[in-house]
Amino acid sequence: MRVGCPKEIKNHEYRVGLTPAAVREYVAHGHDVLVETGAGAGIGADDNAYRTAGAKIAATAKDVFEKSDMIVKVKEPQPSEWAQLRDGQILYTYLHLAPDPEQTKGLLASGVTAVAYETVTDERGGLPLLAPMSEVAGRLAIQAGATALQKANGGRGILLGGVPGVLPAKVAVIGGGVVGLHAAKMAAGLGAEVTIIDRSLPRLRQLDDIFAGRVRTLYSTIDALEQEVFAADLVIGAVLIPGAAAPKLVTREMLSGMKKGAVIVDVAIDQGGCFETSHATTHSEPTYEVDGIVHYCVANMPGAVPITSAHALNNATLVHGLALADRGLRAIAEDRHLRNGLNIHKGRVTNKPVAEALGYEVSAPEAVLNVA
């Protein structure tokens, strides 16, 4: 199979779908790899590094899309990219379709087979291809929030960890999954007063054991959310329902009860955001203000640290990527975890949460793959 890796074109996206080390693995499996010139510049990998790994270099993205059987990316295809996809081609990348009807229409029209990193599962029910970027985003959320809290950036003017004799900032983390865990680790490590809010009592018990009392845990109710959001200097939105749009847990009305200059970081923005007032921003203009509250809603947060995040992502995606290259659609048909990752196939939506969010009829992957 010919595997193609175009350069990412989303605003300030410096990650790359294939690192040179990953390319070597594909080549060792007998595949041809085509990489767009400059694709690895953001991680310090020049074209020669890819040639040494066994890839051929394409002059344009058009060449990659035209000549490849499988496209490996990081972020969802942009309009100019989904227009180049075609029937019979496999797309392997993050998609986040539930809040994105236009991308969904574009992928359906292309006839492509689209496997989304964020809905591939594992034996434990986890999301192994989403986890490494959730780890990065959770940690970055605290860095971004601490910066936004500075007065010159529109925030309250409070140091996250305080100093002796001055209380630290209060941080509320909504959601105790991978993002929430890593955000809490960073915030607590900086000396902030941290509360994690979640609806799973078993998860709250687990988090209580992990932090050994350094972080408070709270069962999520409307009262609990209001209590913590109103008291917080920094609120991290870390809610995830796999494949589906994020629920709007913090309403615009609730902003009026928050401290002026408090900061919201919505890590769930890829799935539409968990704050009613959230809309996607970019690294060029990461924040905006609503009712005196600073919102940070960058949709590709890990793109800010591409060397860390690209290598972490490739570590996670490589096994399934090689399976797709080795066996094509048969890999999806034979692996229920990859089938969970199948979102679009030949003009049909194959992921139930995506179909429900966007009003499509869902087609079971087993029914549409037709692998002899």
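Residues numbered from 1 in each chain as written. Predicted model: local features only at pLDDT ≥ 70, side-chain atom pairs only at ≥ 80, totals over all residues. Heavy atoms only, no water.

Student: Lay out the pairing of strand β11 (residues 263-266) with the relevant residues and their values.
Tutor: The alternating pattern of β11 places Val263 and Val265 and Ile264 and Asp266 on opposite faces, both of which are buried. Taken together, the 3 bridges between β11 and strand β13 (residues 293-296) define a ladder with parallel strand orientation. Counted as the bridge partner of Val265 is Tyr296 from β13. (Buried < 20%, exposed > 50% of the residue type's maximum accessible area, 1.4 Å probe, protein only. Helix = DSSP H or I, 4+ residues; strand = E, 2+ residues; numbered from the N terminus. Pairing = 2+ DSSP bridges.)

Student: Describe the pattern of salt bridges, naming the residues involved and giving the relevant values.
Tutor: Taken as a whole and judged by the stated rule, the model has 19 salt bridges. Between Asp122 and Arg124 there is a salt bridge, and its shortest N-O distance comes to 3.8 Å. For Arg124, a relative accessible area of 77% corresponds to the exposed category. Arg216 serves as the salt-bridge partner of Glu228, at 3.2 Å between the closest nitrogen and oxygen. With Glu228 in helix α9 (residues 222-231) and Arg216 in strand β9 (residues 216-219), the pair connects residues that are 12 residues apart, well separated along the chain. The partly exposed category is assigned to Arg216, whose relative accessible area is 43%. Three or more residues joined by partner-sharing salt bridges are found here, namely Lys10, Lys75, Glu76 and Asp270. (Salt bridge = Lys/Arg side-chain N within 4 Å of Asp/Glu carboxyl O.)

Student: So what's going on with the environment of Leu159? Which residues, and what values?
Tutor: Mapped onto the secondary structure, Leu159 falls in the loop between α6 (131-148) and β7 (170-174). A residue is classified by how much of its surface remains accessible, and Leu159, at 55% relative accessible area, is exposed. Considering only alpha carbons, one finds Leu159 and Arg339, 180 residues apart in sequence, at a separation of 46 Å.

Student: Now, about unusual backbone geometry: what can you tell me, with residues and values included?
Tutor: In this structure, Asp291 takes a positive phi of about 50° despite not being glycine. Among the secondary structure elements, Asp291 is positioned in the loop between β12 (287-290) and β13. For Asp291, a relative accessible area of 35% gives the class partly exposed. In the Ramachandran plot, Lys346 falls in the positive-phi region, its phi being about 50° despite a non-glycine side chain.

Student: How would you sum up the side chain of Glu81? Please name residues and give values.
Tutor: With respect to the secondary-structure elements, Glu81 resides in helix α4 (residues 79-82). On the accessibility criterion, Glu81 (3% relative accessible area) is buried. Sequence-distant contacts of Glu81, that is, excluding residues within four places in its chain, are made with Lys7, Ile9, Phe65, Lys73 and Glu76. (Contact = heavy atoms within 4.5 Å.)

Student: Outline the packing of aromatic side chains, supporting the account with residue identities and numerical values.
Tutor: Tallying each qualifying case throughout the model produces 2 aromatic pairs. Ring centres of Tyr92 and Tyr117 lie 4.7 Å apart, and the angle between their planes is 90°; on these two criteria the pair is classed as edge-to-face. One end of the pair, Tyr92, is in strand β5 (residues 90-93); the other, Tyr117, is in the loop between β6 (113-116) and α6, with 25 residues separating them in the sequence. Looking at Tyr92, the relative accessible area reads 0%, which means it is buried. The exposure class of Tyr117 is buried, given its relative accessible area of 0%. Seen in terms of ring centroids, Tyr94 and Tyr117 are 4.8 Å apart; in terms of plane orientation they differ by 85°. Their pairing is edge-to-face. Of the two residues, Tyr94 sits in the loop between β5 and α5 (101-110) while Tyr117 sits in the loop between β6 and α6, which places them 23 residues apart along the sequence. These aromatic residues form a ring-pair network of at least three members: Tyr92, Tyr94 and Tyr117. (Phe/Tyr/Trp six-rings, centres within 6.5 Å; stacked < 30°, edge-to-face > 60°.)

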